[in-house]
Amino acid sequence: MTRILAIETSCDETAAAIVENGRHLLSNVVATQIELHSRFGGVFPEVASRQHVLAIQPAIQQALQEAGVAHVRALDAIAVTQGPGLAGSLLVGVNAAKGLAFASGLPLLAVNHLEGHIYSNWIEAPGRPAMPESNFPAVILIVSGGHTELILMSGHGQYRQLGATLDDAAGEAFDKVARLLNLGFPGGPAMQRTAQTGNAQRFALPRPLLQNGEHRFNFSFSGLKTAMLNLTRQLAAKGEDLHDPQLLADLAASFQVAVADVLVHKMADAAATFGARQVCICGGVSANALLRSTAQSRFDAMHLPLYIPPLSLCTDNAAMIGAAAFYRWRDTTKMANGLSLDVVPNLPLPHWAVVGE
Ligand code: KG4
Ligand code: ZN
């Protein structure tokens with residue numbers, strides 16, 4: 001049995017969790033800063049790191065307590081997000097993890113945040129099947145506030161990037177359009193709520209890069225954002241009231257369906273092209289109900305098992321960092337990082353040197 005304390009502070013959630021054997025959550029604490037940042041309409045980096053400093057120790061203590069762990073020394077390793085993310089935010093988590101690793105003598109495992117999102121699918125949660133231990137190749141769609149990537153995963157820790165966004169990430173597009181429509185922060189959940197009563201067919205929006213060709217597996221969302229900006233200007237020029245709830249709902253619904261269409265289309269194309277045996281979606285935007293249902297019907301039709309984390313594990317959390325750390329620890333015969341570990345704000349997805357490779 002391997003129990004890992006995981007710490008995640010890459011953006012605006014201060015999170016700590018205890019994960020057993022990569023799959024079983026003993027505790028999962030997320031102290032969100034959403035309220036703090038909402039008055040700025042986005043994440044304010046200095047405010048985020050200062051808040052992490054205040055919240056990190058209580059989050060770790062709570063994670064230990066809820067898991068019934070009397071002391072860190074009773075665990076097997078400390079895992080922490082090294083990047084990508086905001087430098088000042090990452091530093092708080094990395095320093096806390098280094099301090100604990102030094103004091104306890106436990107190994108320190110640095111984890112890539114995106115890899116954490118991927119491994120959120122391996123965590124067991126009530127009411128849904130977790131990803132099988134090993135069923136590759138898998139096509140993974142990572143859709144978060146900072147990233148939109150299509151990955152071909154051929155084994156644990158073996159990633160090939162098939163495509164990524166050329167400009168805005170999907171979550172960023174949700175956030176920017178929500179700001180344009182004055183719906184508040186974070187934009188994704190606000191857009192989903194507003195879209196609920198909307199007619200997604202009312203406005204025909206572009207489906208960027210849907211054609212085959214060199215950008216077959218890449219994404220672009222800034223054109224869609226501009227289309228929304230132009231559309232709202234045209235509507236205002238025609239004297240439409242941009243505060244009208246039905247108009248806002250139709251705008252949000254039309255935008256949401258355009259994003260979901262493109263994401264699922266490219267993911268399904270990649271799954272068919274690379275012979276995926278399973279597919280999964282992860283990252284904050286995977287909480288989106290329309291994206292989830294659109295993907296479910298598409299992959300049901302293709303008879304491909306689709307995995308999406310439960311809502312609590314879609315957005316940033318430390319449980320996913322503990323899951324990713326466990327699989328690397330297991331498959332690289334316990335490779336750990338040194339205490340000189342530093343943050344890497346633009347850290348690319350790693351490729352583990354798996355034993356026997
Ligand atoms: O993974 P995450 O928590 O943080 C990053 O690593 O970026 O993702 C946050 C992003 C935000 O852009 C947020 O608006 C989006 O995920 N998001 C959603 C939904 N919930 C969160 N986007 C669409 N629909 C949602 N329900
Ligand atoms: Zn994230």
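Anyway, here's the lowdown on the structure attached to this text. Since the model is a prediction, treat every value here as computed from it, not as a measurement.

1. A few points about helix α9 (residues 289–301)
- Along its 13 residues, α9 runs 18 Å from first to last C-alpha, staying within 8% of the 18 Å computed at 1.5 Å per residue.
- Within α9, burial applies to Leu-291, Ala-295 and Phe-299. With its buried residues spanning 45° around the axis, α9 presents them on a single face.
- For α9, the elements touching its buried residues are β6 (138–143), α8 (245–273), β9 (278–282) and β10 (306–307).
- For α9, the N-terminal capping position is held by Asn-288, with its side-chain oxygen 3.1 Å away from the main-chain nitrogen of Leu-290.

2. Some details on the coordination of the zinc ion (ligand 2)
- Within the protein, the atoms that donate to the zinc ion (ligand 2) are His-113 (NE2), His-117 (NE2) and Asp-316 (OD), at distances of 2.0 to 2.1 Å.
- When the donors of the zinc ion (ligand 2) are listed by position in the chain, the intervening gaps give H-x3-H-x198-D. Placement of His-113 in helix α4 (residues 113–119) and of Asp-316 in the loop between α10 (311–314) and α11 (319–331) is noted, with a sequence separation of 203 residues between them. An identical accessibility class is assigned to His-113 and Asp-316; each is buried.

3. Regarding the packing of helix α7 (residues 222–237) against α8
- The interhelical angle for the contact between α7 and α8, taken along N-to-C directions, is 160°, at an axis separation of 11 Å. In terms of their interaxial angle, α7 and α8 are classed as roughly antiparallel. You can see that α7 and α8 cross each other, and the crossing is right-handed. Along its contact with α7, which presents Leu-224, Met-228, Leu-231, Thr-232 and Leu-235, the element α8 presents Leu-247, Leu-251, Phe-255, Ala-258 and Val-259.
- Here the residues of the contact of α7 with α8 are counted per class, giving nine nonpolar, one polar and no charged.

4. Some words on the nonpolar core
- In terms of nonpolar packing, the biggest core is built from 50 residues, with Leu-150, Phe-255, Leu-263, Met-267, Val-279, Ile-281 and Phe-299 touching the most fellow members.
- Secondary-structure elements contributing two or more residues to this core are β6, β7 (148–155), α5 (170–180), α6 (187–195), α7, α8, β9 and α9.
- Ignoring anything within four residues of it in the chain, the contact list for Leu-263 reads Leu-141, Val-143, Thr-148, Ala-170, Phe-219, Phe-221 and Leu-291.
- One finds Ile-118, Ala-138, Met-153 and Tyr-327 within the second-largest nonpolar core, a separate group that totals 37 residues.

5. Describing the site of ligand 1
- In the vicinity of ligand 1, 19 residues are found, and the nearest of them are Gly-145, Asp-175, Gly-188, Gln-192 and Asn-288.
- Measuring from an oxygen atom of ligand 1, one finds a backbone N or O atom of Gly-284 at 3.0 Å.
- If ligand 1 stood free it would expose 550 Å²; the protein chains cover 88% of that surface.
- Breaking the shell around ligand 1 down by element, the ones donating at least two residues are α4, α5 and α6.
- With four residues, α6 is the single largest residue contributor to the shell around ligand 1.

6. Examining unusual backbone geometry
- Cis geometry is adopted by the peptide bond preceding Pro-84, which originates at Gly-83 and carries an omega value of -10°.
- Mapped onto the secondary structure, Pro-84 falls in the loop between β4 (77–83) and α3 (87–104).
- The omega torsion of the bond from Phe-136 to Pro-137 falls at 0°, within 30 degrees of zero and hence cis.
- Positioned with a positive phi, Asn-21 is a non-glycine residue whose angle comes to about 50°.
- Turning to its location among the elements, Asn-21 is positioned in the loop between β2 (13–20) and β3 (24–32).
- Classification of Asn-21 by relative accessible area gives partly exposed; the value is 33%.

7. A closer look at α11
- For α11, spanning 13 residues, the distance from its first C-alpha to its last is 19 Å, which sits close to the expected 18 Å at 1.5 Å a residue.
- Most of α11 is tucked away, with 12 of its 13 residues classed as buried.
- Of all the positions in α11, only Ala-319, Met-320, Ile-321, Gly-322, Ala-323, Ala-324, Ala-325, Phe-326, Tyr-327, Arg-328, Trp-329 and Asp-331 are classed as buried.

Procedures and definitions
- Residues numbered from 1 in each chain as written.
- Chains lettered and ligands numbered in written order.
- Predicted model: local features only at pLDDT ≥ 70, side-chain atom pairs only at ≥ 80, totals over all residues.
- Heavy atoms only, no water.
- Helix = DSSP H or I, 4+ residues; strand = E, 2+ residues; numbered from the N terminus.
- Expected span 1.5 Å × (residues − 1).
- Buried < 20%, exposed > 50% of the residue type's maximum accessible area, 1.4 Å probe, protein only.
- Arc of directions from axis to C-beta.
- Contact = heavy atoms within 4.5 Å.
- Polar contact = N/O pair within 3.5 Å; in protein donor to acceptor, adjacent residues only side chain to side chain.
- Donors = N, O, S within 2.8 Å, 3.2 Å for Na, K, Ca; no water.
- Axes fitted to C-alpha atoms, helices over the stretch in contact; angles between N-to-C directions.
- Parallel < 35°, antiparallel > 145°, perpendicular 65-115°, else oblique.
- Left-handed = near helix turned anticlockwise from the far one by under 90°.
- Nonpolar A, V, L, I, M, F, W, Y, C, P; charged D, E, K, R; others polar.
- Core = buried A, V, L, I, M, F, W, Y, C linked by side-chain atoms within 4.5 Å.
- Near = heavy atom within 4 Å.
- Areas by Shrake-Rupley, 256 points an atom, 1.4 Å probe, with all protein chains shown as cover.

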